[in-house]
Structure formats: C-alpha cells, structure tokens
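# Residue-level structural notes
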Amino acid sequence: DGSSWSSASPVTGYASPGVENQAMMAVDDIFFDADRICSPSLDEQGCWHLRYSMDKPGYLADVRVFSLNGTLVATLARSSALSVVGELLWDGRSDGGALVPPAVYVVVVEAIHPRGDRVKERFVVLVSR
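First, a word on what this report is: a plain description of the structure on this page. Every residue gets a number counted from 1 within its own chain, in the order that chain's sequence is written. In keeping with the model being predicted, local features are shown solely for residues with a pLDDT of at least 70 and side-chain atom pairs are shown and tallied solely at 80 or more, while totals for entire chains, interfaces and linings include all residues. Excluded from the side-chain calculations are hydrogens and water; all other atoms, namely the structure's heavy atoms, are used.

### Regarding the overall build of the protein chain
Test applied: The secondary structure listing takes helices from DSSP runs of H or I that are at least 4 residues long and strands from runs of E that are at least 2 residues long, numbered from the N terminus. Burial here depends on accessible area, computed with a 1.4 Å probe over protein chains only, as a share of the maximum for the residue type. Under 20% is buried, over 50% is exposed, and the range in between is partly exposed. By the convention used here, residues are in contact when the closest approach between their heavy atoms is within 4.5 Å. We get accessible surface area from the Shrake-Rupley algorithm with a probe of 1.4 Å; when it comes to residues, only the shown protein chains can shield them.
Each helix and strand in the protein chain was counted, giving zero helices and eight strands. Here the protein chain holds 129 residues, and 36% of them are scored as buried. Long-range contacts, defined as pairs at least 24 residues apart, comprise 58% of the intrachain contacts of the protein chain with a sequence gap of at least 6. Of the accessible surface of the protein chain, which amounts to about 7,400 Å², a share of 53% is contributed by carbon and sulfur atoms.

The following block contains the structure:
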C-alpha cells in the first residue's frame, strides 16, 4: 500500500528489504528527553544525547545549538527525517569542527510534519571539561 510508505530516518541507518522500518512503529505521544551536561573530549562520539519519540512518522527536524548570546554554534540536523523513536547526538563541536568552550548552550529542536503539525523544544546544556 503506497499510502503507508515512509522513508526510515538516517538516524537509524535507513531501511533495507526484510527489515522492519522503524518509521512505522506506533507511539502515542511526542516526547523529548535530553542530557543536561556535556563533557566532550577529542575521542568521544557524542557527549549530548537527545532521545525522542514522535506520534507518527514523517517529521522533518532542524536541530541547532546556540550560545547564550544567540550565535549559531552547531547544526545537528537540517530538514532531517526523524524515525518515530530515536536519538540524536552532539559531540560538543562547532560546525567548524572545534570543541566548543565550556559554557551554557541552548539546543533548539524544530520538527514539522507534512500535515502541518509543528513541535518546538529548547534544552539548556552545560558544556564542561
């Protein structure tokens, strides 16, 4: 049935034949949970984790990290497809690749569904060493 087709998120490695597409898992409500402290190091894959569940497949998300003065520090997702349940990571680096200095940052998550539903969340993250 073509009406039920939805691409899996790159966060989950997309989909492949014979594997259940995580984009189709049922979840009742939208939920976000994130770490409050990030302690990045040169060899770390991710020091900040955003765990989420969406009420339906199809959301596209922008996830950006800002300094307290409003300067864009890092873009974690740009119009990226979200799976229904997943996790996004930040390695504590700026878009230029450098570890950000210890400070307080604001992560803004904006998700839009093609049917018009919108979700916007903000998280405060302390980066420490």
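There's more to say after this.
### Quick notes on the sheet that holds strand E6 (residues 85–90)
Keep this limit in mind: For two strands to count as paired, DSSP must find a minimum of two bridges between them. A fitted line through C-alpha atoms represents every axis, and for helices the fit uses only the stretch in contact; the resulting angles, taken between N-to-C directions, go from 0 to 180 degrees.
Read across the open sheet, the three strands follow the order E1-E3-E6; overall the sheet is antiparallel. Each having just a single partner strand, strand E1 (31–34) and E6 make up the two edges of the open sheet. Within this sheet the neighbouring strands show an average axis-to-axis angle of 15°, counted without direction. Relative to strand E3 (residues 48–53), E1 runs antiparallel, the two sharing four bridges. Note on E3: the bridge partner recorded for alanine 34 is leucine 50.

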